[in-house]
Amino acid sequence: MKNQLLIAAYEYISKGICVIPTNENKIPCIEWKKYQDTLITIEQAEEGFEKPYAKSLSVVCGKSSHNLEVIDIDTKYDLTGKLFDSYMQDIADNENDLANSLLIIQTRSGGYHMYYHCDNIQGNQKLAQRPASPTELQENPNDKIRVLIETRGQGGYVVAPPSAGYKIVRGDAIPTITADQRDILLE
């Protein structure tokens, strides 16, 4: 798997997408904050992915990846089972071409990441949340909110393919969208 991650890292970097190695708990294996503004070099990536605890590849969002922003839809907290489909339908109802242009990755927990570049991005934002259910509160009384949809922008990162459990389900390239199209996604 390490070799696959490094080969993928080369591919991402060649497209101007900054990547970092992360462990099985999504924690960076290197000091990554400097890569929020600067694209990692091949040599730096090789050094990071050689670490024995480097088990996955994460994409750094924001400036270092040409203003990459990712919408993270966390379906494990979806009580309806329809969150992703409803969200995609809302996008299609507003602009079908936008809905069809997004690069969509399925996560290991069954959620989705929607990738795009935009001139106008921000830091991480919570877009939709719900109160914890009584059962969830019994399991963890301090965790009162479940975030359903959030962005990963400047200062954020997401685990990406070919990491275990992450796969492309739609698209083959990260589209560049307008600020108005981004507003549709966030609203």
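Preceding block: the structure.
From a predicted model like this one, the values you see are computed outputs, not experimental measurements.

Q: For this particular structure, what's the right way to read the sheet that holds strand β2 (residues 56–60)?
A: One open sheet holds the 3 strands; their spatial order is β1-β2-β8, and the pairing between them is antiparallel. Both outer strands of the open sheet, β1 (19–22) and β8 (157–160), are each paired with one neighbouring strand and no more. Strand-to-strand, the axes of this sheet are offset by a mean angle of 40°, without reference to chain direction. Relative to β8, β2 is paired through 4 bridges, and the arrangement is antiparallel. Each residue of the ladder has a partner; that of L57, found in β8, is A160. Strands in contact with helix α2 (residues 42–49) are β1 and β2; relative to β1, the strand with the most contacts, it is inclined by about 10°.

Q: Please clarify how the nonpolar core should be interpreted in this entry.
A: Side chains of a nonpolar character, in soluble globular proteins, are inclined to be buried together. Counting 29 residues, the largest nonpolar core has Y12, V19, I40, F49, L57, V59 and Y115 as its most contacted members. Only α1 (2–14), β1, α2, β2, β3 (68–73), β4 (103–106) and β8 provide two or more residues apiece to this core. Element by element, the count of residues in this core is highest for α1, at 6 residues. The contact partners of V19, leaving out residues within four places of it in the chain, are A9, Y12, I13, I40, F49, L57, S58 and V59. Within the second largest apolar cluster, 20 residues are counted, among which are Y87, A99, L148 and L185.

Cut-offs used in this document
- Residues numbered from 1 in each chain as written.
- Predicted model: local features only at pLDDT ≥ 70, side-chain atom pairs only at ≥ 80, totals over all residues.
- Heavy atoms only, no water.
- Pairing = 2+ DSSP bridges.
- Helix = DSSP H or I, 4+ residues; strand = E, 2+ residues; numbered from the N terminus.
- Axes fitted to C-alpha atoms, helices over the stretch in contact; angles between N-to-C directions.
- Contact = heavy atoms within 4.5 Å.
- Core = buried A, V, L, I, M, F, W, Y, C linked by side-chain atoms within 4.5 Å.
- Buried < 20%, exposed > 50% of the residue type's maximum accessible area, 1.4 Å probe, protein only.

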